[in-house]
Amino acid sequence: MDTILKSIISLRAMLEGMEASVGLSELSEKQKSLYLAGEACRSEGNIVTTANLISHPFTLSMSRPTFFRTMKSLEERGLFVNSGRKKTGEFILKPIS
(Lines give C-alpha, C1' and ligand atoms only; values in the text may rest on other atoms or scores of the structure.)
Protein backbone atom coordinates (compact mmCIF):
# COMPACT_ATOMS: atom_id res chain seq x y z
CA MET A 1 0.00 0.00 0.00
CA ASP A 2 1.18 3.47 -0.81
CA THR A 3 2.92 5.31 2.06
CA ILE A 4 0.65 8.33 1.65
CA LEU A 5 -2.46 6.16 1.97
CA LYS A 6 -1.06 4.55 5.13
CA SER A 7 -0.49 8.03 6.55
CA ILE A 8 -4.04 9.08 5.67
CA ILE A 9 -5.42 5.98 7.39
CA SER A 10 -3.35 6.71 10.52
CA LEU A 11 -4.41 10.35 10.56
CA ARG A 12 -8.08 9.45 10.12
CA ALA A 13 -7.95 6.95 12.98
CA MET A 14 -6.25 9.53 15.19
CA LEU A 15 -8.79 12.21 14.22
CA GLU A 16 -11.73 9.92 14.98
CA GLY A 17 -10.23 9.17 18.39
CA MET A 18 -9.77 12.86 19.10
CA GLU A 19 -13.34 13.61 17.99
CA ALA A 20 -14.66 10.90 20.30
CA SER A 21 -12.68 12.27 23.24
CA VAL A 22 -14.35 15.70 22.96
CA GLY A 23 -17.83 14.40 22.10
CA LEU A 24 -17.86 15.18 18.38
CA SER A 25 -18.44 11.56 17.41
CA GLU A 26 -22.11 12.00 18.37
CA LEU A 27 -22.56 14.50 15.54
CA SER A 28 -23.05 13.93 11.81
CA GLU A 29 -20.29 15.07 9.46
CA LYS A 30 -22.23 18.22 8.54
CA GLN A 31 -22.91 18.99 12.21
CA LYS A 32 -19.22 18.54 13.00
CA SER A 33 -18.25 20.89 10.17
CA LEU A 34 -20.68 23.57 11.32
CA TYR A 35 -19.77 23.22 15.01
CA LEU A 36 -16.04 23.39 14.24
CA ALA A 37 -16.63 26.43 12.02
CA GLY A 38 -18.29 28.02 15.04
CA GLU A 39 -15.31 27.19 17.22
CA ALA A 40 -12.97 28.66 14.62
CA CYS A 41 -14.80 31.98 14.20
CA ARG A 42 -16.31 32.63 17.63
CA SER A 43 -15.61 35.97 19.23
CA GLU A 44 -15.62 37.19 22.83
CA GLY A 45 -18.46 35.61 24.76
CA ASN A 46 -18.53 32.67 22.32
CA ILE A 47 -20.61 34.73 19.87
CA VAL A 48 -20.90 33.47 16.30
CA THR A 49 -22.87 34.94 13.43
CA THR A 50 -24.65 33.16 10.63
CA ALA A 51 -22.72 35.31 8.14
CA ASN A 52 -19.37 34.11 9.51
CA LEU A 53 -20.49 30.50 9.71
CA ILE A 54 -21.92 30.33 6.19
CA SER A 55 -18.73 31.77 4.68
CA HIS A 56 -16.32 29.54 6.65
CA PRO A 57 -14.31 27.02 4.57
CA PHE A 58 -15.82 24.09 6.54
CA THR A 59 -19.34 25.02 5.41
CA LEU A 60 -18.79 26.44 1.92
CA SER A 61 -19.76 23.19 0.21
CA MET A 62 -23.13 23.06 2.04
CA SER A 63 -26.20 24.30 0.21
CA ARG A 64 -28.13 27.02 2.04
CA PRO A 65 -31.01 24.65 2.92
CA THR A 66 -28.54 22.07 4.28
CA PHE A 67 -26.69 24.75 6.24
CA PHE A 68 -29.88 25.99 7.92
CA ARG A 69 -31.21 22.46 8.59
CA THR A 70 -27.90 21.59 10.20
CA MET A 71 -27.91 24.82 12.18
CA LYS A 72 -31.42 24.03 13.45
CA SER A 73 -30.34 20.53 14.48
CA LEU A 74 -27.44 22.00 16.48
CA GLU A 75 -29.80 24.51 18.08
CA GLU A 76 -32.07 21.62 19.09
CA ARG A 77 -29.05 19.93 20.71
CA GLY A 78 -28.35 23.15 22.61
CA LEU A 79 -24.97 23.74 20.97
CA PHE A 80 -26.02 27.03 19.37
CA VAL A 81 -28.32 29.31 21.36
CA ASN A 82 -29.80 32.57 20.08
CA SER A 83 -27.84 35.40 21.71
CA GLY A 84 -30.91 37.54 22.30
CA ARG A 85 -28.98 40.62 21.20
CA LYS A 86 -30.32 40.48 17.65
CA LYS A 87 -33.53 39.06 16.28
CA THR A 88 -31.69 36.55 14.07
CA GLY A 89 -28.22 35.61 12.94
CA GLU A 90 -26.28 35.75 16.19
CA PHE A 91 -25.70 32.78 18.44
CA ILE A 92 -23.76 31.72 21.50
CA LEU A 93 -21.67 28.62 20.93
CA LYS A 94 -22.03 26.15 23.79
CA PRO A 95 -19.54 23.44 24.69
CA ILE A 96 -20.27 19.83 23.87
CA SER A 97 -21.07 18.00 27.07
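For the structure, check the block above.
Residues numbered from 1 in each chain as written. Predicted model: local features only at pLDDT ≥ 70, side-chain atom pairs only at ≥ 80, totals over all residues. Heavy atoms only, no water.

Engineer: I would appreciate a short explanation of the nonpolar core in the present structure.
Structural biologist: Soluble, globular proteins show a tendency: their nonpolar side chains are buried together. Counting 16 residues, the largest nonpolar core has L27, L34, Y35, L53, M71, L74 and F80 as the members making the most contacts within it. At the level of secondary structure, the elements contributing two or more residues to this core comprise α2 (29-41), α4 (64-76) and β3 (90-93). Excluding residues that lie within four positions of it along the chain, F80 makes contacts with L34, Y35, G38, V48, L53, M71, L74, E75, F91, I92 and L93. (Core = buried A, V, L, I, M, F, W, Y, C linked by side-chain atoms within 4.5 Å. Buried < 20%, exposed > 50% of the residue type's maximum accessible area, 1.4 Å probe, protein only. Helix = DSSP H or I, 4+ residues; strand = E, 2+ residues; numbered from the N terminus. Contact = heavy atoms within 4.5 Å.)

Engineer: Which parts of the structure should I look at to understand the packing of aromatic side chains?
Structural biologist: Aromatic ring pairs are described here by two measures, namely the spacing of the ring centres and the angle between the planes. Using the criterion set out here, one finds 3 aromatic pairs in the structure. Measuring from ring centre to ring centre gives 6.4 Å for Y35 and F80, while their planes differ by 70°; the resulting arrangement is edge-to-face. Of this pair, Y35 sits in helix α2 while F80 sits in strand β2 (residues 80-82), and the two are 45 residues apart along the sequence. F80 shares its class with Y35; the two are buried. An angle of 85° between the planes, with centres 6.4 Å apart, marks the rings of F80 and F91 as edge-to-face. With a gap of 11 residues between them, F80 in strand β2 and F91 in strand β3 connect regions that are remote in the sequence. Take F80 and F91: they sit in the same class, and that class is buried. (Phe/Tyr/Trp six-rings, centres within 6.5 Å; stacked < 30°, edge-to-face > 60°.)

Engineer: Where do I start with the pattern of salt bridges in this structure?
Structural biologist: Where charged atoms from two side chains of opposite charge come close, those side chains can pair. Scanning the model with the defined rule gives 6 salt bridges in all. In this structure, K72 and E76 form a salt bridge, with 4.0 Å as the shortest nitrogen-oxygen distance. Of this pair, K72 and E76 both sit in helix α4, separated by 4 residues, roughly a single helical turn. Exposure remark for E76: the relative accessible area of 60% places this residue in the exposed category. The salt bridge involving E90 is made with R85; its shortest N-O contact spans 2.8 Å. Using a relative accessible area of 61% as the deciding quantity, one classes R85 as exposed. (Salt bridge = Lys/Arg side-chain N within 4 Å of Asp/Glu carboxyl O.)

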